[in-house]
Amino acid sequence: MIMQDSFGRTIQYLRLSVTDLCNYRCIYCMPEEGVCKKSHADMLSIEEMTEIVRSSHLLGISKVRLTGGEPLVRKGIISLCRNIKAIDSGIELGITTNGAYLSTMASELKNAGVDRLNISLDSMNSETFSRITRGGDPRDVLCGIKAAQNAGFENIKINTVLLKGINDKELYDFINLTKDHAIHVRFIELMPLGVAKDWDSSRFMTTAAIEGYLHNAELLRINGVARVYHLPDHKGTIGLICPMSNSFCPSCNKIRVTADGRLKPCLHSDQEFDLRGLQGEALTEAIKNGILQKPESHRFGLTGASTARYMNEIGG
């Protein structure tokens, strides 16, 4: 089945948050005190998540990305991966992770059917990384990337959120990662969402700041939300994701489901549809209705997102 929203966009991509918990406390993602742990009964079970993917697949979803919080802290994550691939081995299954646990879990994830990894890494400088994550060590992530490569993961993506005055001096260091390794570094504009909604505009920077580093680069393609570039003699690529300076809403093909079972047709919006307790045809119809309520575009503007949730509660 091909499912389109009311604006004619084909919806093929589900981002499913499996937890709002994380081992880091990134400054733009959640408050310094962390989040109040919800009761087990308030969160989707592995079985409920499996059924949401099954119903979504009936509506044409062919790509699923597991997010968080940090998805690798969720008990049963390996079982969920196996369940999703059992629905249809052709589903493209990815995980967005901060990479801290990959050194011990990469092989298990690969064996469970995970096809792609996106790894969040906002700094390779120990002091800066600790400041951003409130205590993390970039060596854990770098070891995780190496473990993922050794486990057989290809086309690994590194997601780097641009933070003016914090990590902008490391742009060349990240670009240089692509020289000798088939790694895809993607620079992402910070969005005024959650904690960052109240930040001063001086902390935000656009991907235009990177253009000076890419004057010899070739634009290879537009891949989903990213403009992908290749520099001469580099094995990897550079991606620019510009939700603020160059909205990709007209081509948006995704929906999100939070770890507490709410379907969000759009990242920015406070519009949510409860999927908890639904099964079979009722669940499929609820997802279909949510897709049809997807707004035409986000409205970040000067006021920020209208959702009251932090990013870790929505799913990265």
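Structure's up top.
Source: prediction; values computed, not measured.

1. Some thoughts on the sheet that holds strand β11 (residues 262–264)
Pairing in this open sheet of 12 strands is mixed, and the strands run β7-β8-β9-β6-β5-β4-β3-β2-β1-β10-β11-β12 from one edge to the other. The open sheet terminates on both sides in strands that have one partner only, identified here as β7 (218–223) and β12 (273–274). Bridging between strand β10 (residues 254–257) and β11 involves two bridges; their strand directions are antiparallel. Within β11, the residue paired with Val257 across the bridge is Leu263. On top of the sheet, helix α6 (residues 171–180) reaches β5 (157–162), β6 (184–189) and β9 (237–241); it is set at about 150 degrees to β6, its chief contact.

2. Notes on the packing of aromatic side chains
Summed over all chains, the structure comprises two aromatic pairs. Between Tyr24 and Phe129, the ring centres sit 5.7 Å apart and the planes meet at 85 degrees, which makes this aromatic pair edge-to-face. Placement of the pair is Tyr24 in the loop between β1 (13–17) and α1 (46–58) and Phe129 in helix α4 (residues 126–133), with a sequence separation of 105 residues. Per residue, the accessibility class of Tyr24 equals that of Phe129, and both read buried. Centre to centre, the rings of Phe174 and Phe187 are 6.3 Å apart; their planes meet at 85 degrees, and the pair counts as edge-to-face. Here Phe187 lies in strand β6 and Phe174 lies in helix α6, a separation of 13 residues in the sequence. As far as burial versus exposure is concerned, Phe174 and Phe187 are alike and both buried. Between the NZ or CZ atom of Lys110 and the centre of the ring of Phe153, over which it lies, the distance is 5.0 Å.

Definitions and cut-offs
All residue numbers refer to positions counted from 1 along the written sequence of the respective chain. Confidence filtering applies because this is a predicted model: local features only for residues at pLDDT of at least 70, side-chain atom pairs given and counted only at 80 or more, and all residues used for totals across whole chains, interfaces and linings. Excluding hydrogens and water, the side-chain figures rest on all heavy atoms present in the structure. In short, DSSP must find at least two bridges between two strands for them to pair. Where helices and strands are cited, they refer to DSSP runs of H or I of at least four residues and of E of at least two residues respectively, numbered from the N terminus. Any two residues whose heavy atoms approach within 4.5 Å at even a single point are treated as in contact. Under this scheme, a helix contributes an axis fitted over its contacting stretch, all axes are lines through C-alpha atoms, and angles between N-to-C directions fall in the 0 to 180 degree range. Pairing of aromatic rings covers Phe, Tyr and Trp, the last through its six-membered ring, and needs centres within 6.5 Å; plane angles under 30 degrees mean stacked, over 60 mean edge-to-face, and all others mean tilted. Note on exposure labels: buried denotes an accessible area under 20% of the residue type's maximum, exposed denotes more than 50%, and partly exposed covers the range between, all computed with a 1.4 Å probe on protein chains only. A ring is scored as having a charge over it whenever the NZ atom of a lysine or the CZ atom of an arginine sits within 6 Å of its centre and within 35 degrees of its normal.

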